[in-house]
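Each chain, letter by letter, is given below.
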Amino acid sequence: MKVSYNWLSRYLSDMPSPQDAADKLTLTGLEVEEIEQTGSDLEGVVVGEVLEVQSHPDADRLVVCQVDIGTDEPTQIVCGAPNVAAGQKVAVATVGSVLPMPLPDGSPFKIKKAKIRGQQSAGMICAEDELGLGDDHGGIMVLNNELKPGIPFSEVAGVSRDYVFEIGLTPNRPDATCHLGVARDLAAVTGAELHKPLDKLPVIAGGLKKDSITITDVDKCHRYVGLLMRGVTIDESPDWLKELLRAIGLRPRNNVVDITNFVLHELGQPLHAFDLHRLAGQRINVRSFDKDIPFTTLDDVERNVPSGSLFICDGEKPVALAGIMGGVNSEISENTTDLLIESAWFEPVGIRKTSRNLALQTDSSYRFERGVDPDITKNAALRCAELILELCGGTIEGMEDVHPVKTAPVTVPLRHTRLTSILGTEIVPETAEGILNRLEIATDREETNDLIWKCTVPAFRPDITTEIDLIEEVARIFDYNNIPDPERIAITSPDPLPFGEQFRNAVRQAAVSAGLREIYTNSLLPDRFLDALGGTPVVVPTLNPITRDQALLRTELLYGFLRSAAYNFNRGATGVRFFEIGNIFRKDERGGTWITGIHEATHLHIGIAGNTHSDHWKTPARSFDLFDLKAIVEAILIQLDIRDLTTWNTSEGRLKLVSDDLDGVVIGTLSPVSALWKKQTDIETDAFSAELDTGLLQRLALQKVDKTYKPVSRFPSFEFDLALVVDKLAASGDLVAGMQKVAGDQLIRVEVFDVFEGGTLEKNQKSIAFRLTFQDNAKTLTINDVDPVIQKVLKRLEADYSAKLRS
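The text that follows walks through the structure, step by step, so that each part is easy to find. (Residues numbered from 1 in each chain as written. Predicted model: local features only at pLDDT ≥ 70, side-chain atom pairs only at ≥ 80, totals over all residues. Heavy atoms only, no water.)

**Here's the deal with the pattern of salt bridges**
Applying the stated rule across the entire model yields 35 salt bridges. Among the salt bridges present, the one from glutamate 798 reaches lysine 804, with a minimum N-O distance of 2.7 Å. Salt bridges here are not isolated pairs; linked through shared partners, they connect Arg173, Asp175, Asp185, Arg461, Asp463, Glu473 and Arg476. (Salt bridge = Lys/Arg side-chain N within 4 Å of Asp/Glu carboxyl O.)

Next up, the structure:
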């Protein structure tokens, strides 16, 4: 937000220097990000009188002028303006003066003596834009003929140097969206007296006709002030007003529009001026519609305004988009004589929603979205009327203040002991009270065992609701630099993290150790994935989605991985390995986790896609496969020390992680990503996904027993190779699990070292070769010890999987 230093000076009895003012504002929380110097004192620019104009002998478009600039002899100046003529009073930049318009290379435009096409020129007759007074470069400025040659031009134009502060305003400070609000903070920190421009407002006794102003949607408009003026003259604004508006980047239009913009940036209250005779029935109704409304705004753009948006209507039609922009069908023109001045309070959320839906943000909507002061609505209209009377003439016929919803004052207690405790230093009660009063926070002392102030917070400070907010106000004005450093600091040990949080951190560390990169993705998904996520019986929709791409709550974490993978592949990555810990949501008719009807759980998702590594002279590139993913999952389970509590099984084309300790509940699944998902997320390579319920993993972690030392056996191990013919769909993991269940403690390891299909085997058969390693801590095992175990294993596998020993 732009704030003019000269404008601020109008409200303070003692104004610090521009840099000092910027520093003080930054320390109070209104961070000045940039200071831009604008305008100029125009030193060296004087009023001149053109005495004689002759054609340039060597240039058709140039003339040679003799100009009286108040010196003993006329000054010769070569000029190219088409409108220069003898007898004119003009603005002359004398030799040595610096104009506010820089040269194309950015260097200062300094006037020097020069010879132009053979003719001496000692100065420059200036156009409006060359003096920084406007954009007109069509010709030189022609001044009042009564002016005396030689007087400084700054006295004529009333121009001066200004400094514009670019303030990085936070959303919680709507009071600082105007010059008076910024001046209030500056006065509070400097102790200067604040001069409000509200002391001599006009007094209006009469009202308007009955029902001339009505509010249909009182929940969206709490207050509406309409002020009627007649006999107004639309003309150009005075220089002082145009200069202040230009300083903050506004283009002057006419006196009435400029005054409404001035009051907006002075008091923070947006205003609008209607041409009274263009309002059907000369009445106003504030209402919304239950359908989309086409409406042409002041920028001559027809917009389709969504239903529910608030309009200002006359007796027949909408005439303004409330809080955002007026309509072309009621704007004032050079022929306007009678005005209705609008000053209102509109509900912030509705204005913000309409502004975003239309992609239309204005100075008005910027302030209404943050919340304007409901108590200044009437005074802002009167301030506008005061300036119109002064600059445009006319009379005030009446005013109507419709105020169906009143804003109750907020009272917040502040304890002196609490203030001292939080700030770590003793602040004299009178100092704290003075700071609050300068911020217009009224204080009422209550003398008890502890000094307590009952603080009445002004309506323009909706961000102050609790005691700590008041303490912050005192601290920022007192200046944090004035709070002494403590001599010693008490350091306390933080409370230990809950086990759930510790476990999630352990999962995260295990995933990183397994070579994965963590991602964070949006929990809202596009509505086109409804069926892929499980359909209406499972998916939780959002009630009021911002866009169709954020319409559903995710039931799994797969989509986020695929979007991230596609993003990386599109930027040259050849392989990705990501993990994410996030919440999923599903409809649950049996109850709900936190909200009735919605099951919420934390999942760990692991995704890999592309190549394991790039091409290398020693090892060519290889694509990821499902076993790479399984190895990563097992590495994580091992690091969490729960691998022995889980087993794998296969069903529905997926590897499933289960645990007997959890009654066989599925902890997670591993599978290739389907072609449908890859197509919808623009993935062209193989991708694999694992999703585990961290809540179930945490339950396993709570069940694990403490590790105990087990000495390494001093007896050698015994290896036995076993080749089994099984059904082609049988999973080796299931066979391994079956062996371990019946073999006892002597079987310490089972490995698959060969898989064979074809040859003498049937088409629906395959041969899996296992290497079983046995070891005993008390003796050296022989074939006689191992054979009974082998026979037991074979018998169980034949019963469960129809496995036959391969001959």
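**Here's the deal with the packing of aromatic side chains**
For the structure shown, the criterion picks out 12 aromatic pairs. A ring pair is formed by phenylalanine 561 and phenylalanine 578, whose centres lie 6.4 Å apart and whose planes are at 80°; its orientation type is edge-to-face. Linking phenylalanine 561 in helix H14 (residues 558–569) with phenylalanine 578 in strand E31 (residues 575–587), this pair joins segments that are 17 residues apart in sequence. Residue phenylalanine 561 is classed as buried on the basis of its relative accessible area of 1%. Here phenylalanine 578 falls in the buried class, since its relative accessible area comes to 7%. (Phe/Tyr/Trp six-rings, centres within 6.5 Å; stacked < 30°, edge-to-face > 60°. Helix = DSSP H or I, 4+ residues; strand = E, 2+ residues; numbered from the N terminus. Buried < 20%, exposed > 50% of the residue type's maximum accessible area, 1.4 Å probe, protein only.)

**A closer look at the packing of helix H6 (residues 255–267) against helix H9 (residues 377–392)**
Where H6 meets H9, the closest approach of the two axes is 10 Å, and the angle between their N-to-C directions is 140°. Regarding the angle of H6 to H9, the classification is oblique. H6 and H9 meet at a crossing whose hand is right-handed. Seen from H6, the contacting residues are Asn255, Val256, Ile259, Thr260, Phe262, Val263, Glu266 and Leu267; seen from H9, they are Ala380, Arg383, Cys384, Leu387, Ile388, Leu391 and Cys392. Here the residues of the contact of H6 with H9 sort into 11 nonpolar, two polar and two charged. (Axes fitted to C-alpha atoms, helices over the stretch in contact; angles between N-to-C directions. Parallel < 35°, antiparallel > 145°, perpendicular 65-115°, else oblique. Left-handed = near helix turned anticlockwise from the far one by under 90°. Contact = heavy atoms within 4.5 Å. Nonpolar A, V, L, I, M, F, W, Y, C, P; charged D, E, K, R; others polar.)

**Some remarks on the environment of phenylalanine 499**
Summarising the element assignment, phenylalanine 499 is placed in helix H13 (residues 499–513). For the pair phenylalanine 499 and leucine 702, spaced 203 residues apart in the sequence, the C-alpha separation amounts to 9.2 Å. Those residues in contact with phenylalanine 499, other than ones at most four positions away along the chain, are Gln698, Ala701 and Leu702.

**Here's the deal with the sheet that holds strand E1 (residues 2–4)**
In spatial order, the strands read E1-E13-E2; together these three strands make up an open sheet with antiparallel pairing. A single partner strand is all that each edge strand has here, and the edge strands are E1 and strand E2 (31–38). Across the sheet, the mean angle from the axis of one strand to that of its neighbour is 30°, orientation sign disregarded. Of the strand pairs in this sheet, E2 and strand E13 (residues 162–168) are connected by seven bridges, and their pairing is antiparallel. By the bridge assignment for E13, glutamate 36 is matched with valine 164. With respect to the sheet, helix H2 (residues 18–27) is in contact with E2 and E13, its orientation differing from that of E2 by roughly 160°. (Pairing = 2+ DSSP bridges.)

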